Amino acid sequence: MLIFRWLAMLLLLAAAVSFAFYAGTGQPRYKRLGLIILKWTVIAAVFFFAVILIGRLA
């Protein structure tokens, strides 16, 4: 459980760093990379919480 929390935090940090690079350089590839990382982080979080919810219901 702790590994998943750290992984989620690191992915969010990577997205934030990517957006900071975009703000600093203005290159759209950093914005695109940040959005991709953020999208997959949210998708993984939804599945993670769904598994926890199903485990509590069963």
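Just above, that's the structure.
In short, a report on the structure.

The rules behind these values
- Residues numbered from 1 in each chain as written.
- Predicted model: local features only at pLDDT ≥ 70, side-chain atom pairs only at ≥ 80, totals over all residues.
- Heavy atoms only, no water.
- Helix = DSSP H or I, 4+ residues; strand = E, 2+ residues; numbered from the N terminus.
- Expected span 1.5 Å × (residues − 1).
- Buried < 20%, exposed > 50% of the residue type's maximum accessible area, 1.4 Å probe, protein only.
- Contact = heavy atoms within 4.5 Å.
- Polar contact = N/O pair within 3.5 Å; in protein donor to acceptor, adjacent residues only side chain to side chain.

Along its 30 residues, helix α2 (residues 28-57) runs 43 Å from first to last C-alpha, staying within 8% of the 44 Å computed at 1.5 Å per residue. Where α2 is concerned, the buried positions are G34, I37 and T41. The inward-facing, buried residues of α2 contact α1 (2-25).

Before going further, it helps to examine the environment of S18. Examined against the element boundaries, S18 turns out to sit in helix α1. As for S18 and R29, which are separated by eleven residues in sequence, their C-alpha atoms are 9.1 Å apart. Setting aside chain neighbours within four positions, we find S18 in contact with Y30, L33 and G34. A distance of 3.2 Å separates a polar atom in the side chain of S18 from the backbone nitrogen of G34.

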